[in-house]
Amino acid sequence: MDVIVNAWYRGSPWLRLLLPLSWLFRHLAARRRDAYQNGEKPVYRAPVPVIVVGNITVGGAGKTPVVAWLVGFLREQGYRPGVISRGYGGTAPKYPWVVYSDTPAELAGDEPVMLVRRMGCPLVVDPVRGNAAKCLLREADCDVIVCDDGMQHYALARDIEIAVLDGARGLGNGYCLPAGPLREPPERLGEVDLVVVNGDPQVPVPAPFHVMQLAPGKLVELHDGRQLALDAWSGAKRVHGVAGIGNPERFFQALERLGFEVVRHPFPDHHAYAAADFRFEEDLPVVMTEKDAVKCRGFARPGFWYLPVDADLGEGFAAALRERLQALRECPSGD
């Protein structure tokens, strides 16, 4: 998989051999979307506003920090938000599945568990997002739903769409699967309400956008939960960096900007960690992402740390979102 992902973002010419399959994928994706929009397939509309956060590329782009920011922002605006998610990587015994702070990541998925632990928000996972929304509204007093990674789940009606792009990778070679990383063509970005670029864009973005910067918080030791300010780190600056996210290099570079010398250990996105994954030759501190940490608590030992990050989306994004929320108050969907 790494070979083809690298080829997508490096523009390898041999991928053109797959273009007929990409055209077929694009055609089928458009037909599927039209079937929902034209009423040929059923669509569930929740009785409260639904904000969908997603992307049009395969792999992680930084959606989870956006979702966490939205939960905090909506609370500041007087809303009672809840979150629904597919629960990617989880194997819950049944769906829908309500996620709590002590829910194992292997049941609900790493990102849902991380969101609940960090934000304390009600959250339900179900591959069928409409069923997750119904369960959330039964179980919690929510007046707005944030759908994590549901851009292409057209069986759920949405009131606001937010697309997230990786600023370093962008849209890759611009082709749909399998010749490129796109789930939908680039012009889809022109139809969403807001586009967020994770980090300063290093490639062209075919739509107006807002830049998201990720601000590091205090380091947290998995073994005992103690927190440590970055400037209070007194040990060796050489560390094992561990990241099982869509773009691990982004995390490693962030650690280096903070002054660490990083021995890189990239893992696949949503990797299911085991203690054996951490049998490194050098005896060094381990620093991982917050998403990785929720899967490593059971075998963490002293010297295992994670670095949480907070999204900074800027006042322009906040103002644009407030404007759209106000429009929904004045003219709710379906009226």
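Note that this is a predicted model, so its numbers are computed, not measured.

Rules used in this analysis
- Residues numbered from 1 in each chain as written.
- Predicted model: local features only at pLDDT ≥ 70, side-chain atom pairs only at ≥ 80, totals over all residues.
- Heavy atoms only, no water.
- Buried < 20%, exposed > 50% of the residue type's maximum accessible area, 1.4 Å probe, protein only.
- Helix = DSSP H or I, 4+ residues; strand = E, 2+ residues; numbered from the N terminus.
- Pairing = 2+ DSSP bridges.
- Axes fitted to C-alpha atoms, helices over the stretch in contact; angles between N-to-C directions.
- Contact = heavy atoms within 4.5 Å.
- Core = buried A, V, L, I, M, F, W, Y, C linked by side-chain atoms within 4.5 Å.
- Right-handed = clockwise from strand over helix to strand, strands pointing away.

Participant: How should I be thinking about helix 5 (residues 110-119) in this particular structure?
Facilitator: In an α-helix, one turn spans 3.6 residues, which is why side chains three or four residues apart end up on the same side. Along helix 5, eight of the ten residues are buried, which leaves the element largely enclosed by surrounding structure. Those residues of helix 5 that fall on the buried side of the exposure criterion are Asp-110, Glu-111, Pro-112, Val-113, Met-114, Leu-115, Val-116 and Met-119. Gly-120 sits one or two residues past helix 5 and shows a positive phi near 65°.

Participant: Whenever I open this one, the sheet that holds strand 2 (residues 81-85) confuses me. Can you help?
Facilitator: Hydrogen bonding along the main chain pairs the strands of a sheet, whether they run parallel or antiparallel. What the nine strands build is an open sheet, ordered 3-4-2-5-1-6-7-8-15; its pairing is mixed. Looking along the sheet, the strands with just one partner apiece sit at the ends: strand 3 (97-99) and strand 15 (309-312). Neighbouring strand axes in the sheet, compared pairwise and without regard to direction, differ in orientation by 25° on average. Here three bridges tie strand 7 (residues 194-198) to strand 8 (residues 210-216), and the two strands are oriented parallel to one another. The residue bridging Asn-198 from the neighbouring strand is Met-212, located in strand 8. Each of strand 2, strand 3, strand 4 (123-125), strand 5 (144-148) and strand 15 is contacted by helix 5, which is oriented at about 170° to strand 4, the strand it contacts most.

Participant: In this structure, what is going on with the nonpolar core? I would like to understand it.
Facilitator: Grouped burial of nonpolar side chains is what soluble globular proteins tend to show. With 43 residues, the main nonpolar core has Trp-69, Leu-70, Ile-162 and Leu-321 as its most contacted residues. It is helix 3 (residues 63-76) that provides the largest number of residues to this core, a total of eight residues. The residues contacting Ile-162, other than those within four sequence positions of it, are Ile-51, Val-52, Val-53, Gly-54, Leu-70, Met-151, Leu-194, Val-196 and Phe-317.

Participant: What is the right way to read the pairing of strand 12 (residues 261-266) from this model?
Facilitator: One face of the sheet, then the other: side chains in a regular strand alternate in exactly this way. Sheet analysis places strand 11 (residues 238-243) next to strand 12, joined by six bridges and oriented parallel. Within strand 12, the residue paired with His-240 across the bridge is Val-263. For the handedness criterion, the β-α-β arrangement of strand 11, helix 7 (residues 248-257) and strand 12 is classed as right-handed.

Participant: In this structure, what is going on with the pairing of strand 8? I would like to understand it.
Facilitator: Pairing geometry for strand 8 and strand 15, over four bridges, is antiparallel. By the bridge assignment for strand 15, Leu-214 is matched with Ala-311.

Shape descriptors only; they carry no functional weight alone.
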